[in-house]
Amino acid sequence: MEKKDWNVLLVDDERDFVTTLSERLALRGIRSRVVFDGESALREVAENPPHLVILDVMLPGMKGLEVLRGIRAGFPNVKVILLTGHGTTKNGIEGMKLGAFDYMIKPLDIDVLIEKMTEAAGGRR
Amino acid sequence: MLRTIFRHSFKDLHGSEDILSPERYMSLRRKIVVLMAVVAVVPLLLMAAINYYEYRAALGREIQNPLRILLSKTKNSFELFLAERTSTVSFIASAYPFEELAQEKNLKRIFKVMAQVFDGFVDLGLIDENGVQVSYAGPYSLAGKNYAEQSWFSQVMIRGTYISDVFMGYRHFPHMVIAVRHMDESGKNWVVRATIDTTRFDRLIAAMSLEPDSDAFLLNKEGILQTNSNYYGKVLERLPMPMPPQAYEARLVETQDQSGEDIYLAYSYFPETDFVLMAVKPRGSALKTWYMVKGDLLFIFVLGVMAIFLVVYKMTDLLIRRMRESEERRELAFRQVEHAQKLSSIGRLAAGVAHEINNPLAAINEKAGLMKDLLGLRPDFPDREKFITLADAILKSIRRCRDITHRMLGFARRMDVSYEELDINEVLADTLSFLDQEAKHRGVAIVRELDESLPRILSDRGQLQQVFLNILNNALAAVPDDGKIEVKTGEATPDSLAISFRDNGCGMSQDTLEHVFEPFFTTKKGTGTGLGLSITYGIIKKLGGDIAVTSKQGEGTLFTVYLPKTARKEAAS
């Protein structure tokens, strides 16, 4: 699948971060939608299932891992890359066990992110 | 009162200070020793003293009583002897009429019979009321002698009987006189007078069978000896001591004789006559056994006190040593817990800070990244190169910040340990290979002394590499160019291995040494995070090992890592 055909959903409560990231992805030819909380994320996924979700673990209200659980339960084909600002790999490992494709620690290196997204889109997992 | 004293004396024990100084242990030991010794010795002393006096009193009675009884018996013998003789004389005086006794032939016959039945009679005489000797039977020719002027005659005429003191007779042996007056129906008075040889007294005294150093003798109330004594003069000499107070029962006094010797003096006055019987026993000989007992008592006492002191001292020593050891162990454990808590709380703080910073940092990162992206799309942008350089600088700084926050998070992270069987030498060689290039470049010699016979151990390869790398990096930073680093492995105890890293670098000050494992403590101002060694410390503790460091400024540093041969769950964080 070509980059321009990817359907990506970004979920993070840090608006500055997530909108800018979306813009940067757009500059690289990747279309993405942005939501700021877990509930909206699940709604968005249900309405228009994306190929890929970039999901922050620390969200207000519904926790990131619950969102992940919800996505995995309803849409097992949707790949999820977790983001965490927190150093505890516990969340990451737990996320991986729940079926996340990978996880990354903020701040991100956009090239590495795109690498991982490409891997995910390649569908090797 | 007692309680306050006790509490005051032993406040060292109640003290809450964690460090007991050697002086306090010394004073505590001294106090315990003194208290225990006093508590043990005082009753012993009391017992010994009571025993001493009781025993002496008992022994004294033991010696005194037989002496008193013997004296009493002998006095009875004397009284019996005198009473018999007096009765005999009295009997003769009353049994025969004057006329019969007046005939010397009759008198001699009576005397003969009398002398046969009772020994000791020397002569017998009849004296009329005018004091004239009427008849006489005996060895001397005393017939016709007039006694009217002599005091004994007037006494016998008044009192009826008379027993004289001992006196020296004509032939120079001691005598005494017994005289009895008799009055017949017609009112005529006469006196029968007998002389007794008092050598018989010596036999009575000899019957007491006293010990050779003792003495017994008869005296009159004036203190004139009536029998010979062994040590206090011959018969009719004066006793060289004052007379004891009058007493008719056997009495015993402790006194001194004329030569100053301590003696037991037993005596008894005769109620009927003027005599006093005395027995003397030197106290020295009487108490000979007592002195022996006293010596034994003293010996046992001294031995007991010595034993008490020895035991008390040893016990206290043991007690104090145990106490000190446990205090020190407690202190050490306390410090370790404190250290672990410190690390843990700093770790939590670090993680919190890192997390809080990471989110805004991520935003900055994206903004700067977007800036650069946009600049890349606008070749006509004025000062484009300058802005790209600026954006790169921002991104570079962000990366630096990220490195720091990631290391901080790594420090706080509770990494899961994955144990595997590994060869410590191999892990070490792997790690060293990372550094070979730098070492070669700087001319630093890395000397390996690896014990090839070491057993494989259960541990975490990745974590150990991290540990070795941290220590070796520090060593490389410390040594000058052309310096030397020695890496050595070996067995520390049957259960553990030791890996030591010695460098000849700049070394550390005492102050640095104390903080070397604390997080954020660094000497590499500006370049170090101060986390390397504290992470190292945490990892080694987690692996159940230990790390020790010694260093001398200007001479170098020695790090020694101890690892258990078998994996062990470590509770500390």
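Residues numbered from 1 in each chain as written. Chains lettered and ligands numbered in written order. Predicted model: local features only at pLDDT ≥ 70, side-chain atom pairs only at ≥ 80, totals over all residues.

Colleague: Just give me the short version of the overall build of chain A, but keep the residues and values in it.
Modeller: Looking only at helices and strands, chain A has five helices and five strands in total. From first element to last, N terminus to C terminus, chain A shows the α and β order β-α-β-α-β-α-β-α-β-α. Taking all 125 residues of chain A together, the buried fraction comes to 41%. (Helix = DSSP H or I, 4+ residues; strand = E, 2+ residues; numbered from the N terminus. Buried ≥ 20, exposed ≤ 12 C-beta atoms within 10 Å, placed from the backbone.)

Colleague: Could you give me a rundown of the sheet that holds strand E9 (residues 262–269) of chain B, with the residues and numbers involved?
Modeller: Residues and elements named next belong to chain B. Judged by pairing direction, the sheet is antiparallel, and its four strands sit side by side in the order E7-E10-E9-E8 without closing on themselves. Bordering the open sheet on either side are strand E7 (215–220) and strand E8 (251–256), each of which pairs with just one other strand. Ignoring strand direction, the axes of neighbouring strands in this sheet form an average angle of 25°. Alignment of E8 against E9, held across six bridges, turns out to be antiparallel. Bridge assignment links valine 253 to a residue of E9, and that residue is leucine 265. (Pairing = 2+ DSSP bridges. Axes fitted to C-alpha atoms, helices over the stretch in contact; angles between N-to-C directions.)

Colleague: Could you give me a rundown of the sheet that holds strand E12 (residues 445–449) of chain B, with the residues and numbers involved?
Modeller: Residue and element names in this part refer to chain B. Spatial strand order, E12-E14-E15-E17-E16: five strands in an open sheet with mixed pairing. Each edge of the sheet is formed by a strand with only one pairing partner; in this case those strands are E12 and strand E16 (546–552). Strand after strand, the sheet turns through a mean of 15° between neighbouring axes, direction not considered. Lying over the sheet, helix H11 (residues 424–442) contacts E12, strand E14 (484–493) and strand E15 (496–503), oriented at roughly 170° with respect to E14. (Contact = placed C-beta atoms within 7 Å.)

Colleague: Explain the interface of chain B and chain A to me, using residue names and the numbers behind them.
Modeller: Each partner contributes residues to the interface: chain B has 22 residues there, and chain A has 18 residues. Secondary-structure elements contributing two or more residues to the side of chain B that touches chain A are helix H9 (288–377) and helix H10 (384–412) of chain B. With 15 residues, the single largest contributor to the side of chain B that touches chain A is H9 of chain B. Class assignment for the residues of the side of chain B that touches chain A results in ten nonpolar, seven polar and five charged. (Nonpolar A, V, L, I, M, F, W, Y, C, P; charged D, E, K, R; others polar.)

Colleague: Lay out the pairing of strand E3 (residues 52–56) of chain A with the relevant residues and their values.
Modeller: Residues and elements named next belong to chain A. By the criterion of burial, E3 is predominantly enclosed, with five of the five residues buried. Burial along E3 is two-sided: the face carrying Leu52, Ile54 and Asp56 and the face carrying Val53 and Leu55 are both buried. Two elements, strand E1 (residues 8–11) and E3, share four bridges in a ladder whose sense is parallel. Along E3, the bridge assignment pairs valine 11 with leucine 55. Handedness of the crossover is the feature at issue here: the chain leaves E3, passes through helix H3 (residues 64–74), returns alongside strand E4 (residues 79–84), and the resulting connection is right-handed. (Right-handed = clockwise from strand over helix to strand, strands pointing away.)

Colleague: Describe the nonpolar core, with residues and values.
Modeller: Grouped together as the largest cluster of nonpolar side chains are 56 residues, with contacts concentrated most on Val192, Ala266, Leu277, Met278 and Ala279 of chain B. With seven residues, the single largest contributor to this core is helix H3 (residues 22–95) of chain B. With 35 residues, the next largest nonpolar core counts Leu10, Ala41 and Phe101 of chain A together with Leu361 of chain B among its residues. (Core = buried A, V, L, I, M, F, W, Y, C linked by C-beta atoms within 7 Å.)

Colleague: Tell me about the packing of helix H12 (residues 461–478) of chain B against helix H14 (residues 532–542) of chain B, and name the residues and values.
Modeller: Residues and elements named next belong to chain B. Running from amino to carboxyl end, H12 crosses H14 at an angle of 145°, the nearest separation of the two axes being 9 Å. For H12 against H14, the interelement crossing comes out left-handed. Judged by residue contacts, Gln463, Gln466, Val467, Asn470, Ile471, Asn473 and Asn474 of H12 engage Gly532, Leu533, Ile535, Thr536, Ile539 and Ile540 from H14. Per-class residue counts for the contact of H12 with H14 are six nonpolar, seven polar and no charged. (Left-handed = near helix turned anticlockwise from the far one by under 90°.)

Colleague: Could you give an account of the confidence of the model for chain B, naming the residues involved and the relevant values?
Modeller: Residues and elements named next belong to chain B. In the predicted model, chain B carries a mean pLDDT of 83, and the fraction of residues at 70 or more is 91%. With pLDDT under 50 throughout, residues 569–573 is counted as low confidence; its partners more than four residues away or in other chains account for eight contacts. Taken over the whole predicted complex, pTM reads 0.45, whereas the ipTM for its chain interfaces reads 0.87. (pLDDT = per-residue confidence, 0-100.)

Colleague: Help me get a handle on the packing of H3 of chain B against helix H7 (residues 199–206) of chain B, residues and values and all.
Modeller: Residue and element names in this part refer to chain B. For the pair H3 and H7, interaxial distance at closest approach is 10 Å and the crossing angle is 150°. Classified by the angle between their axes, H3 and H7 sit roughly antiparallel to one another. Note on packing geometry: the crossing formed by H3 with H7 is right-handed. Contacts between H3 and H7 involve Thr74, Ser77, Phe78 and Phe81 from the former and Arg200, Leu204 and Ile205 from the latter. Here the contact of H3 with H7 is composed, by residue class, of four nonpolar, two polar and one charged. (Parallel < 35°, antiparallel > 145°, perpendicular 65-115°, else oblique.)

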